[in-house]
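# A structural walkthrough
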Amino acid sequence: MTNNPVKPTACELLDIMPQTQTEWTFRVKNNLPIKHGQFMQLSLPKIGEAPISISGFGDGYVDFTIRKVGKVTDGLFSLKKGDNIFIRGCYGNGWPTEQFKNKTVVIIAGGTGVSPVKSLVNMLCEHSNYARDIYLILGFKNSHSILFADELKKWQTASHFHVIYTLDDENYPGFKKGLVTDFIKEIPFASFDNEYECIIVGPPIMMKFVGMGLLMNKVPEKKIWMSFERKMSCGIGKCGHCRIDETYVCLDGPVFNYTIGKKLID
Ligand SMILES: Cc1cc2nc3c(=O)[nH]c(=O)nc-3n(C[C@H](O)[C@H](O)[C@H](O)COP(=O)(O)OP(=O)(O)OC[C@H]3O[C@@H](n4cnc5c(N)ncnc54)[C@H](O)[C@@H]3O)c2cc1C
Ligand code: FES
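Residues numbered from 1 in each chain as written. Chains lettered and ligands numbered in written order. Predicted model: local features only at pLDDT ≥ 70, side-chain atom pairs only at ≥ 80, totals over all residues.

### Focus on the overall build of the protein
Let me state the cut-off plainly: Think of it this way: any DSSP run of H or I at least four residues long counts as a helix, any run of E at least two long counts as a strand, and we number them from the N terminus. Every radius of gyration here is taken over C-alpha atoms, with the globule rule written as 2.2 Å times N^0.38, N being the number of residues. Burial is judged by counting other C-beta atoms within 10 Å of a residue's own C-beta: 20 or more means buried, 12 or fewer means exposed, and anything between counts as partly exposed, with every C-beta placed from the backbone. We call two residues in contact if the C-beta atoms placed from their backbones are at most 7 Å apart.
Helix and strand counts for the protein come out as six helices and 16 strands. Over its C-alpha trace the protein gives a radius of gyration of 18 Å, about what one expects of a compact globule, namely 18 Å for 266 residues. Considered along the principal axes of its C-alpha atoms, the protein spans approximately 60 × 40 × 35 Å. By the burial criterion, 41% of the 266 residues in the protein qualify as buried. Across the protein, every contact between residues at least 6 apart in sequence was considered, and the portion connecting residues at least 24 apart equals 70%.

If you want it as structure tokens, here you go:
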């Protein structure tokens, strides 16, 4: 008998941590190895399946930060601690962490886009010698949509971190008013001796404009990395749902260098 590669495993929901009214973090029992930036397929019997980024992981658990938008996520939001979630994966390439060693890392993320980069930022925070300085620009719509408030405080106080947190349209303590793109010019790229890499995550329109903003600041395309949330089904390169030309986002991504990613922005 052959193993079914898309058969999910029932895993216990260990905790639910609300971030906002419509975005909650679900902590699920897990012992599989994970790379920063990977995703898993979460499902509920008779309802369906959705790909969700890994927002954190540790000894015996994996975290998913999920926005309630449709049938699967509605179902997940009705679960209680101790219930089972069905998961398969991990899938995807994840962030090229080796590339970030001993370099300055610039991370620009918006909204739920902070989720796929959060475990990497935590690693860079805890291991201050892994990279050089870390520049973060993280944007949210308003004070009701701020995610990971505890982490934001921790990153703000790390001595090798330079953070700018933004809200699109609201004055709020600790946040600047405006779009993340408005603050790219505050990053001193010229002082990095070419030893830096940039990460962009967010909705396609945000990634498009942040990409343009970085290029305007003379950042070479090959120094920019981005993560995509493309509609997916199998997650393992079989169904073609995520295919754009010759690229399978589930297998080749979800993280792409800008030289390829610029062609994938819808
Ligand atoms: C690699 C990857 C990583 C991802 N990571 C995350 C993550 O970390 N967190 C997260 O929250 N999401 C993430 N997503 C997105 C998530 O997979 C999708 O939002 C998924 O479709 C949710 O499934 P669902 O069944 O709940 O929603 P669906 O029912 O499939 O609905 C999806 C979209 O359709 C719209 N819709 C639903 N019903 C209707 C209707 N009746 N009329 C009109 N529009 C409707 C919804 O507004 C929503 O925008 C990721 C996607 C990918 C590909
Ligand atoms: S999701 Fe099926 S090929 Fe990528």
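From this point, the narrative continues.
### What to know about the sheet that holds strand β10 (residues 161-167)
Pairing between the strands of a sheet is mediated by backbone hydrogen bonds and can be parallel or antiparallel. So the rule is basically this: A pair of strands counts as paired when DSSP detects no fewer than two bridges linking them. Between N-to-C directions, angles span 0 to 180 degrees; the directions come from axes that are lines fitted to C-alpha atoms, helices contributing only their stretch in contact.
Taken in spatial order, the seven strands of this open sheet run β11-β10-β9-β8-β12-β13-β16, and their pairing is mixed. Strand pairing shows two members of the sheet lacking a second neighbour, β11 (176-177) and β16 (255-257), which therefore form its edges. Strand direction decides the pairing type here: strand β8 (residues 104-110) and strand β9 (residues 134-140), joined by six bridges, are parallel. Looking at the pairing, V106 lines up with Y135 of β9. Along the sheet face, helix α2 (residues 115-126) touches β8, β9, β10, β12 (196-201) and β13 (224-227) and points at about 150 degrees away from the line of β8. Sheet strands in contact with helix α4 (residues 204-216) are β8, β12 and β13, and its direction is about 155 degrees off that of β12.

### Some remarks on the environment of N30
In this structure, N30 sits in the loop between β2 (23-29) and β3 (39-44). Along the sequence, N30 and I87 sit 57 residues apart, while their C-alpha atoms lie 9.6 Å from each other. Leave out the neighbours within four places in its chain, and N30 touches C11, G60, Y61 and V62.

### Comments concerning the pairing of strand β7 (residues 84-91)
Where strand β1 (residues 9-18) and β7 come together, four bridges link them in antiparallel fashion. Residue pairing for β7: A10 is matched across the bridge by F86. Sheet topology places β3 next to β7; five bridges connect them, and they run antiparallel. Bridge pairing in β7 links Q41 to R88.

### Regarding the packing of α2 against helix α3 (residues 149-157)
Keep this limit in mind: In a left-handed crossing the near helix is turned counterclockwise from the far helix by less than a right angle, and in a right-handed crossing that turn is clockwise. Only Asp, Glu, Lys and Arg are considered charged in this grouping, and only Ala, Val, Leu, Ile, Met, Phe, Trp, Tyr, Cys and Pro are considered nonpolar; every other residue, Gly among them, is considered polar.
At a closest axis distance of 11 Å, the pairing of α2 and α3 adopts a crossing angle of 35 degrees. Crossing of α2 over α3 shows left-handed handedness. Between α2, through K118, V121, N122 and C125, and α3, the contact on the second element is made entirely by E151, K154 and W155. Tallied by class, residues from the contact of α2 with α3 come to three nonpolar, one polar and three charged.

### Observations regarding α4
Just so we agree on the cut-off: For a helix, the expected span equals 1.5 Å multiplied by the residue count minus one. Picture the helix axis, draw a direction to every C-beta atom, and the arc is the one those directions span.
Between the first and last C-alpha of α4 there are 18 Å, a value that for 13 residues agrees with the 18 Å anticipated at 1.5 Å per step. Turning to α4, its buried residues are M206, M207, V210, G211, G213 and L214. Seen from one end, α4 has its buried residues packed into an arc of 165 degrees, which puts them on one side. Along α4, exposed side chains directed more than 90 degrees from the buried face belong to I205 and M216. Following α4 by one or two positions, K218 has its phi on the positive side, about 65 degrees.

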